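# Fold and contact review
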Amino acid sequence: MPTVVHSLAANTRAERTVRVELGARSYDVLIGPGLVDEVGRAVAAQSSKAKCAVVTDDNVAKLHLPGLEASLRAEGRFAGSIVVPAGEVSKSFSQLEPLCSQLLELGLERGDFVVAFGGGVIGDLAGFAAGIVRRGIRFVQVPTTLLAQVDSSVGGKTGINTAHGKNLIGVFHQPTLVAADTATLKTLPDRQMRAGYAEVAKYGLLGDAAFFKWLESNHAAIFAFDDDALGKAIETSVKAKADIVRRDELEHGDRALLNLGHTFGHAFEAWTRYTDRLLHGEAIAIGMCLAFRLSEELGHAPDGSAARVSAHFSAVGLPTQISNIPGAPPDVAMLLKLMRQDKKVRHGDLVLVLARDIGDAFLTSDVQTDVLETFLAAECGQA
Ligand code: NAD
Ligand code: GLY
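Quick caveat, the model's predicted, so the values are computed rather than measured. (Residues numbered from 1 in each chain as written. Chains lettered and ligands numbered in written order. Predicted model: local features only at pLDDT ≥ 70, side-chain atom pairs only at ≥ 80, totals over all residues. Heavy atoms only, no water.)

### Considering the site of ligand 1
Spelled out, the test is: One heavy atom within 4 Å of a molecule or strand makes the whole residue count as near it. Think of a polar contact as two N or O atoms within 3.5 Å of one another; within protein, one of them needs to be a possible hydrogen donor and the other a possible acceptor, and neighboring residues in sequence only count if both atoms come from side chains. Each accessible area value is a Shrake-Rupley result obtained with a 1.4 Å probe; residue values ignore everything except the protein chains displayed when judging cover. The helix and strand labels rest on DSSP assignments: H or I over at least four residues marks a helix, E over at least two residues marks a strand, and numbering proceeds from the N terminus.
Around ligand 1 sit 28 residues in total, of which Asp57, Gly120, Thr144, Thr145 and Thr187 are the nearest. With respect to ligand 1, the side chain of Thr145 contributes an N or O atom lying 2.6 Å from an oxygen atom. Here an oxygen atom of ligand 1 and a side-chain polar atom of Lys241 are 3.5 Å apart. Contact with the protein chains hides 92% of the accessible area of ligand 1, taken as 870 Å² for the molecule alone. Elements that contribute at least two residues to the shell around ligand 1 include exactly helix 2 (58–74), helix 4 (120–132), helix 5 (146–152), strand 10 (165–169) and helix 6 (190–207).

In structure tokens, the structure reads:
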């Protein structure tokens, strides 16, 4: 059993705490059940007067908002809640503009806090609004999906999508605190839990073979909400992310490894128009399988590694190939065009995250377009 620690920075109780070391902008990621009720106290510990505007979506509002509002009210910090429609479509200019206006109407000042309460969509949208309103308001992440607890709430990437692709408009804006309440995950639909799990597995695949092996044996306990297994999976993921963000906050190098599977995955998401046809985590699960198959085909990764990745994703109910996406198969030329919108493109060259083995990812711009085209055509069943 992990020891419950008293975090001096946040003045709250969490089963596990990971520090993101970024000098004056360092912050704690608190992990454990019941933390929603402690957010008011944590904010009060960060500032003697600041007030909070909560940004959430309509699903999370119905299930969990009263608890968060009560926690903020108890400390006299509650300024109001803004509820946006659930889903990827809210990561858009059309939601950003009214959100910024509402934050201004609530009278939020630079020293106040935006509290992003929800999954990665809310964290990215609310974090972006916090980053640009009055040129930067402080913000706190209270992630409520597995994906957001292990990935999107940590590291300060915020933003929205456009028709050109995912996350193409945004800013780096670090939160001052992340409170990952693992109890909120119990209301998450199974499909969303599985999609978030893809990001957990990502940390094993990109840099920690022992963690991937542990996941192969322990995934059932995670999905059964076993406190120890779930806590360990989240803490290990957050530690891995915190370590990369500490080394490369603005993604000049290593941080791009966190994009394992994303160049393919983001193209699938844009192609399926960010609908429920394909969730982000499902898209990157397929993308990671493709990255390992391509790595094996190019002789970087040993035979059998791609099959091991696919076998694990299949075991937890994640898709592993393009044909698992419902509907007509994509057009290869369109996929390549969408992949070219990737933020890692340099001087027109695609930079892919490939792997030498499970737990050993690397960046390369050496994959020629014709090789990629042939590979994608085969993956799309159009060879
Ligand atoms: P999401 O925010 O859309 O949440 C998924 C669904 O779960 C939504 O319908 C939401 O209303 C619902 N939900 C959230 N919490 C719930 C709960 N506790 N109980 C019941 N329902 C709940 O999606 P997501 O998977 O959390 O995040 C995906 C987004 O995160 C993508 O836009 C992706 O680009 C982004 N992302 C960002 C980063 C980053 O570093 N900023 C990293 C990874 C992913
Ligand atoms: N999820 C990728 C990153 O934060 O860099």
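Now that the structure has been shown, we can carry on.
### Some points on the site of ligand 2
As a reminder of what qualifies: Ten residue types, Ala, Val, Leu, Ile, Met, Phe, Trp, Tyr, Cys and Pro, are classed as nonpolar, four, Asp, Glu, Lys and Arg, as charged, and the remainder, Gly among them, as polar.
Taken together, Asp151, Lys157, Lys241, Glu251, Arg255 and Leu258 make up all the residues around ligand 2. The side chain of Asp151 places a nitrogen or oxygen atom 3.1 Å from a nitrogen atom of ligand 2. Measuring from an oxygen atom of ligand 2, one finds a side-chain N or O atom of Lys241 at 2.6 Å. The protein chains hide 89% of the 200 Å² of surface that ligand 2 would expose on its own. Among the residues making up the shell around ligand 2, the classes are represented as 1 nonpolar, no polar and 5 charged.

### Let's talk about the packing of aromatic side chains
The test is simple: Any Phe, Tyr or Trp ring, taking Trp's six-membered ring, that has another such ring centre within 6.5 Å forms a pair; planes under 30 degrees apart are called stacked, those over 60 apart edge-to-face, and the others tilted. Relative accessibility decides the category of a residue: with a 1.4 Å probe and only protein chains considered, values under 20% of the type maximum give buried, values over 50% give exposed, and everything between is partly exposed. Definition used: whenever NZ (Lys) or CZ (Arg) falls within 6 Å of the ring centre and also within 35 degrees of the ring normal, the charge is taken to sit over that ring.
Following the criterion strictly, the structure yields 3 aromatic pairs and no others. Seen in terms of ring centroids, Tyr197 and Phe223 are 5.1 Å apart; in terms of plane orientation they differ by 45°. Their pairing is tilted. Placement of Tyr197 in helix 6 and of Phe223 in helix 7 (residues 209–223) is noted, with a sequence separation of 26 residues between them. For Phe223, a relative accessible area of 25% gives the class partly exposed. Residues Phe264 and Phe375 carry aromatic rings whose centres are separated by 6.3 Å and whose planes lie at 50° to one another, so their mutual orientation is tilted. With a gap of 111 residues between them, Phe264 in helix 9 (residues 262–271) and Phe375 in helix 13 (residues 369–379) connect regions that are remote in the sequence. Taking relative accessible area as the criterion, Phe375 reaches 2% and is therefore assigned buried. Just above the ring of Tyr203 sits the side chain of Lys202; from NZ or CZ to the centre is 5.3 Å.

### Let's talk about unusual backbone geometry
We note that Arg135 has phi near 60°; this positive angle belongs to a residue other than glycine. Overall, the relative accessible area of 74% leaves Arg135 in the exposed class.

### Comments concerning helix 1 (residues 39–46)
The following threshold applies: Directions from the helix axis toward the C-beta atoms define the arc. The criterion used for residue contact is that any of the two residues' heavy atoms lie within 4.5 Å.
Those residues of helix 1 not exposed but buried are Val39, Gly40, Ala42 and Val43. For helix 1, the arc enclosing every buried residue in end-on projection is 165°, short of the 170-degree limit, so these residues lie on one face. Next to the buried residues of helix 1 lie strand 5 (52–57), helix 2, strand 7 (113–118), strand 8 (138–143) and strand 11 (177–181).

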